[in-house]
Every structure is written in C-alpha cells, then in structure tokens.
Amino acid sequence: SAVISQKPSRDICQRGTSLTIQCQVDSQVTMMFWYRQQPGQSLTLIATANQGSEATYESGFVIDKFPISRPNLTFSTLTVSNMSPEDSSIYLCSVEGRGRFETQYFGPGTRLLVL
Amino acid sequence: DAKTTQPNSMESNEEEPVHLPCNHSTISGTDYIHWYRQLPSQGPEYVIHGLTSNVNNRMASLAIAEDRKSSTLILHRATLRDAAVYYCIPGQNFVFGPGTRLSVLP
C-alpha cells in the first residue's frame, strides 16, 4: 500500500483566483492520478500524471484550467485556475499500486469551496 | 470500459451479512473487477478484486458469476464502520459509477 497526503485539506477561495493542491506519496510511483468529486457525485478522472512527461487529460478537462506538475516520483500538484463556484468540489489524488492488478490508493482529498 | 449497474442504496442491520450486487455485462475477458468503498469524508479505499474465481480477504468476499457479467461483494458481518458508498469498477481505467450507498442500522 501507499500513504498519500494532500495539502491543503480544505480551502475557501474567491472566484477568479487559483489554488494549487499538493499530493505527496511515501514511496516512488510511476503513475499518479487526479480526480474531481462534485457535491453528491461520484469521482471523475481529470488527468494522469507521469513523471517526466506531460499529463494526459480526460475529455472535458484542459491543461489551461487544470495545470499539473510532476517533478519527481513522489510528488505532484494540481492547480485549479481562474476558479468559479462550479469548481467547488473535492479533489483527490491517487497512485497506482504495485503488482499486476493495477489497484489504486487514494489520498484524503482537498475540499474546495469557491465563493 | 464496461458499464456497471448497482443499486443506488441498500440497508443492513449490524452484524448481519450484506450482499452488494453489480452488473457489468459488457466486461471484456481480461478485465479485473475491482471493488472500492468511500467512507464519509474520506478518499476511496480498496476492498477486493478478482478475475474469474471467487476471492476472499479480511474485509470481504467477492463472488463472480461464471459468465463474469455480474459480481457480488459480500460483507459477512456488517458493522457501523462499513457504512459507505461501494463502487464496482471493472477494467483498468477506473471509471467510477454512482455506486451503492450502504447504511448499517444498529
């Protein structure tokens, strides 16, 4: 298993501003993932971040709105840019497990409220 | 990715078994079936996974239909801590459906 921490755990932001969310894992991993969970909804994958390459974004998510950094094998950031109230969600990072079954381990999430 | 169908919600009494069903009729032959759960105010956590055979671990059992078009997560004795949203995820792309919200009554 992997232990994942996220900062901040929650934040309240004004519209038009940007917030950078950090994800730290206690072991080196190749693939890290960023998800969004809107209020009362399930999780939606935003992008996959591999170290040393550009993040791969899912349909409906663009780099200008959600830029991602992956500077090393234990750390990643997701920025939510030019925020609007519709960006109010829980943002979660996850990492792939080891072995062939592609299990994922999730962080506790960052709760974002945009006013 | 295979599409899944799960009940929106289920209820169980504490210390009784719970059977959580999932239909994944379009699953491909090589897709593993993963189950995750999300406790209130937490990220999802791994429960169990399987391919063709029934699987057991300390948390639960997974019964997979012979045609692999459905599976059932079995909690042998539900506790209050098992109250969560349970997600059935076939395939490797981790597409989360709405899941089943399990309530456990004392």
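Below you will find a few notes about this structure.

Definitions and limits used
Residues numbered from 1 in each chain as written. Chains lettered and ligands numbered in written order. Predicted model: local features only at pLDDT ≥ 70, side-chain atom pairs only at ≥ 80, totals over all residues. Heavy atoms only, no water. Helix = DSSP H or I, 4+ residues; strand = E, 2+ residues; numbered from the N terminus. Polar contact = N/O pair within 3.5 Å; in protein donor to acceptor, adjacent residues only side chain to side chain. Contact = heavy atoms within 4.5 Å. Pairing = 2+ DSSP bridges. Axes fitted to C-alpha atoms, helices over the stretch in contact; angles between N-to-C directions. Phe/Tyr/Trp six-rings, centres within 6.5 Å; stacked < 30°, edge-to-face > 60°. Buried < 20%, exposed > 50% of the residue type's maximum accessible area, 1.4 Å probe, protein only. Buried area = accessible area lost by both parts, 1.4 Å probe. Salt bridge = Lys/Arg side-chain N within 4 Å of Asp/Glu carboxyl O. Nonpolar A, V, L, I, M, F, W, Y, C, P; charged D, E, K, R; others polar. Disulfide = S-S within 2.5 Å.

1. Comments concerning the side chain of Thr-77 of chain A
Residues and elements named next belong to chain A.
Step number 1: As for its position among the elements, Thr-77 is in strand β8 (residues 75–80).
Step number 2: Looking at Thr-77, its side chain comes within polar contact range of the side chain of Ser-69, at 2.6 Å.
Step number 3: Contacts of Thr-77, omitting those with residues within four sequence positions, involve Thr-20, Ile-21, Gln-22, Trp-34, Pro-67, Ile-68 and Ser-69.

2. Focus: unusual backbone geometry
If a residue is not glycine, its phi is most likely negative; likewise, a peptide bond is most likely trans.
Step number 1: Note that the residue after Lys-7 of chain A, namely Pro-8 of chain A, is joined by a cis bond; omega there is -10 degrees.
Step number 2: Relative to the assigned elements, Pro-8 of chain A resides in the loop between β1 (4–7) and β2 (10–13).
Step number 3: One non-glycine residue, Asn-82 of chain A, adopts positive backbone phi at about 45 degrees.
Step number 4: Here Asn-82 of chain A lies in the loop between β8 and β9 (89–96).
Step number 5: Of note in the backbone geometry, Arg-68 of chain B takes a positive phi value of approximately 60 degrees without being a glycine.

3. Points about the sheet that holds strand β8 (residues 84–90) of chain B
Residues and elements named next belong to chain B.
Step number 1: Taking strand neighbours across the sheet as the criterion, the five strands line up as β1-β9-β8-β3-β4 in an open arrangement whose pairing is mixed. Bordering the open sheet on either side are β1 (9–13) and β4 (45–50), each of which pairs with just one other strand. Neighbour-to-neighbour, the strand axes of this sheet turn through a mean angle of 25 degrees, independent of strand direction.
Step number 2: As paired elements, strand β3 (residues 33–38) and β4 share five bridges and run antiparallel to each other. Bridge pairing in β4 links Trp-35 to Ile-48.

4. A few points about the packing of aromatic side chains
Step number 1: The final tally for this structure, using the stated rule, is nine aromatic pairs over all chains.
Step number 2: Ring geometry for Tyr-36 of chain B and Tyr-46 of chain B: centres 5.9 Å apart, planes at 75 degrees, overall edge-to-face. On the criterion of sequence distance, the pair formed by Tyr-36 of chain B in strand β3 and Tyr-46 of chain B in strand β4 is long-range, its members being ten residues apart.
Step number 3: According to the relative accessible area criterion, Tyr-36 of chain B is buried, its value standing at 0%.
Step number 4: Where Tyr-87 of chain B meets Phe-96 of chain B, the ring centres are 5.1 Å apart and the plane angle is 80 degrees; that geometry is what we call edge-to-face.
Step number 5: Taking relative accessible area as the criterion, Phe-96 of chain B reaches 8% and is therefore assigned buried.
Step number 6: Linked through ring pairs, Tyr-35 and Phe-106 of chain A together with Tyr-36, Tyr-46, Tyr-87 and Phe-96 of chain B together constitute an aromatic cluster.

5. Details of the sheet that holds strand β7 (residues 70–75) of chain B
Residue and element names in this part refer to chain B.
Step number 1: With antiparallel pairing, the four strands of this open sheet are ordered in space as β2-β7-β6-β5. Edge positions in the sheet fall to β2 (18–23) and β5 (55–56), since each of these pairs with one other strand and no more.
Step number 2: Here four bridges tie strand β6 (residues 61–64) to β7, and the two strands are oriented antiparallel to one another. Bridge assignment links Ala-63 to a residue of β7, and that residue is Thr-72.

6. Some details on the interface of chain B and chain A
Step number 1: Each partner contributes to the interface: chain B provides 16 residues, whereas chain A provides 14 residues.
Step number 2: Taken over both partners, the interface formed by chain B and chain A buries close to 1300 Å², and the fraction arising from carbon and sulfur atoms is 52%.
Step number 3: The interface formed by chain B and chain A contains zero salt bridges.
Step number 4: Our count for the contact surface shared by chain B and chain A stands at four residue pairs in polar contact (both at pLDDT 80 or more).
Step number 5: Looking at the side of chain B that touches chain A, the elements with two or more residues in it are β3 and β4 of chain B.
Step number 6: Broken down by element, the residue count for the side of chain B that touches chain A peaks at three residues, all from β3 of chain B.
Step number 7: A per-class count over the side of chain B that touches chain A returns eight nonpolar, eight polar and no charged.

7. With respect to the state of the cysteines
Step number 1: Tallying each qualifying case throughout the model produces two disulfides over all chains.
Step number 2: A sulfur-sulfur separation of 1.9 Å characterises the disulfide bridge that pairs Cys-23 of chain A with Cys-93 of chain A. Because the sign of the S-S torsion sets the handedness, a value of about 70 degrees for the bond joining Cys-23 of chain A and Cys-93 of chain A places this disulfide among the right-handed ones. Remark: Cys-93 of chain A occurs in strand β9 and Cys-23 of chain A occurs in strand β3 (residues 19–25); sequence separation between them is 70 residues. Neither residue differs from the other here; Cys-23 of chain A and Cys-93 of chain A are each classed as buried.
Step number 3: Cys-22 of chain B shares a disulfide with Cys-88 of chain B; S-S distance 2.1 Å. Looking down the S-S bond of the Cys-22 of chain B and Cys-88 of chain B bridge, the torsion is -75 degrees, so its handedness is left-handed. Of the two residues, Cys-22 of chain B is situated in strand β2 and Cys-88 of chain B in strand β8; the sequence distance between them amounts to 66 residues.

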